[in-house]
Amino acid sequence: MDTTFFVKALGIAFSGVPIALFVAAIALIIAIPLGFIFALLRLQRVPVLYQFVKIYVSFVRGTPIIIQIFILYSSIPLLLTGIFERYNVPIEVYTIHPLWYAFIIFSFNTTAILAEVFRGALQTVDEGQKEAGYAVGLTTFQVYRRIIIPQMLVAAMPNLCTATVNLIKATSLGYAISLPEITLRTKVAANVGYHYVEAYLAIFIVYLVVCLLVEYGFKIMERKLRRYEGGVIC
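For clarity, every value in this text was computed on a predicted model and none was experimentally measured.

Helix and strand counts for the protein chain stand at nine helices and zero strands. Beginning at the N terminus, the succession of helices and strands in the protein chain can be written as α-α-α-α-α-α-α-α-α. When the backbone C-alpha atoms are referred to their principal axes, the protein chain occupies close to 70 × 50 × 30 Å. Per-residue burial for the protein chain yields a buried fraction of 43% across its 234 residues. Partitioning the intrachain contacts of the protein chain with sequence separation of at least 6 by distance along the chain shows that 80% fall at a separation of at least 24. When the accessible surface of the protein chain is totalled, it reaches about 12900 Å², and 67% of it is carbon and sulfur. Each charge sign in the protein chain was given a centre, from 18 positive and 12 negative side chains, and these centres are 5 Å apart.

Here's what the structure looks like:
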């Protein structure tokens, strides 16, 4: 094992952390509200939309994310080309940075995962909580903001943590669309001297450190959210 390259590989791998976390953060920002809305659509069984969400969630849960990446990365440029040509938009599709595709792909996957997380968490909140809120004159928005969502987050936090960690790890597949994240940067550096063992070990350590820090952050948030247990209205 080449310890000199290993130390170098660690530095290269850590240099890709900001991109990986940025993609994960944007995907979560998009997926959290959409996942919550989709969870409500499934619980309320809204006609047509309920079936659409059910099929969408089943597709995401039943297919490997690498296949979703290849499908979306291949189809999105074709779709955009057709739209841009139709409306004479002066943008060359194939010059778009892979980062934008990563936002779409990982948001697409994470939204379906969080829809199920939120659906299960919402079902843990007693319907009597909602009725009590209406009884004291709260609007539907206030009931969800002050009663339902805080309690839902308590139940959802462990699974939300798992989904976030899995999302961060899934960004390692960004190499498939030439996203310069942790894995791609380190593998490119390893190609020069065929130091793949050192490179993969460095990638392993970096992801382990990042994911452990994220888990610790979620534990802190989970402790703070415990005050909402029991239907306390804030």
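Picking up where we left off.
Here the focus is unusual backbone geometry. Located in the positive-phi region is arginine 45, a residue other than glycine, with phi close to 50°. Within the element layout of this structure, arginine 45 appears in the loop between α2 (17-44) and α3 (49-62). Classification of arginine 45 as exposed rests on a relative accessible area of 55%. Despite not being glycine, asparagine 88 shows a phi value in the positive range, around 55°. Relative to the assigned elements, asparagine 88 resides in the loop between α4 (65-86) and α5 (98-122). Looking at asparagine 88, the relative accessible area reads 65%, which means it is exposed.

Since the α-helix packs 3.6 residues into each turn, any two residues three or four apart lie on the same face. With 14 residues, α3 extends 20 Å between its outermost C-alpha atoms, agreeing within 8% with the 20 Å of an ideal straight helix rising 1.5 Å per residue. If you check which residues of α3 are buried, you get Tyr50, Val53, Tyr56, Val57 and Val60. The buried side chains of α3 occupy one side of the element, clustering within an arc of 130° when seen end-on. Along α3, exposed side chains directed more than 90 degrees from the buried face belong to Ile55 and Gly62. The elements touched by buried residues of α3 are α2, α4 and α5.

Further remarks concern the UniProt feature "transmembrane region" (unreviewed entry) in the protein chain. If you check UniProt for "transmembrane region" (unreviewed entry), the listed places come out as residues 12-41, 53-79, 99-118, 152-177 and 197-218 in our numbering. A distance of 35 Å separates the end C-alpha atoms of residues 152-177, which is 73% helix and 0% strand. Within the segment residues 197-218, helix and strand shares are 100% and 0% respectively, and the terminal C-alpha atoms sit 32 Å apart.

Another point: the UniProt feature "domain: ABC transmembrane type-1" (unreviewed entry) in the protein chain. The feature "domain: ABC transmembrane type-1" (unreviewed entry), as annotated in UniProt, sits at residues 17-218 in this numbering. Helix makes up 80% of residues 17-218 and strand 0%, with an end-to-end C-alpha separation of 19 Å.

This next bit is on the confidence of the model for the protein chain. On average, the protein chain scores 91 in pLDDT, and the residues at 70 or more come to 97%. Across the protein chain, element-level confidence peaks in α2 with a mean pLDDT of 96 and bottoms out in helix α6 (residues 127-135) with 87.

What follows covers the environment of arginine 61. Mapped onto the elements of the fold, arginine 61 is located in helix α3. Sequence separation of arginine 61 and asparagine 109 is 48 residues, and the distance between their C-alpha atoms is 8.5 Å. Apart from residues no more than four positions distant in its own chain, arginine 61 is found in contact with Ile113 and Glu116. Reaching out from arginine 61, the side chain makes a polar contact with the side chain of glutamate 116 at a distance of 3.1 Å.

Right, let's get into the packing of aromatic side chains. Summed over the entire model, instances satisfying the criterion amount to 11 aromatic pairs. Pairing phenylalanine 36 with phenylalanine 118 gives two aromatic rings, centres 6.3 Å apart and planes at 75°, and the pair type is edge-to-face. Separated by 82 residues along the polypeptide, phenylalanine 36 in helix α2 and phenylalanine 118 in helix α5 bring together distant segments of the chain. Phenylalanine 118 carries the same exposure label as phenylalanine 36, and that label is buried. An aromatic cluster of three or more residues is present, and its members are Phe38, Phe52, Tyr56, Phe59 and Phe108.

How each quantity is defined
- Residues numbered from 1 in each chain as written.
- Predicted model: local features only at pLDDT ≥ 70, side-chain atom pairs only at ≥ 80, totals over all residues.
- Heavy atoms only, no water.
- Helix = DSSP H or I, 4+ residues; strand = E, 2+ residues; numbered from the N terminus.
- Buried < 20%, exposed > 50% of the residue type's maximum accessible area, 1.4 Å probe, protein only.
- Contact = heavy atoms within 4.5 Å.
- Areas by Shrake-Rupley, 256 points an atom, 1.4 Å probe, with all protein chains shown as cover.
- Lys, Arg positive; Asp, Glu negative; His and termini not counted.
- Charge placed at Lys NZ, Arg CZ, Asp CG, Glu CD.
- Expected span 1.5 Å × (residues − 1).
- Arc of directions from axis to C-beta.
- UniProt positions renumbered as here; feature names shortened; annotations may be inferred.
- pLDDT = per-residue confidence, 0-100.
- Polar contact = N/O pair within 3.5 Å; in protein donor to acceptor, adjacent residues only side chain to side chain.
- Phe/Tyr/Trp six-rings, centres within 6.5 Å; stacked < 30°, edge-to-face > 60°.

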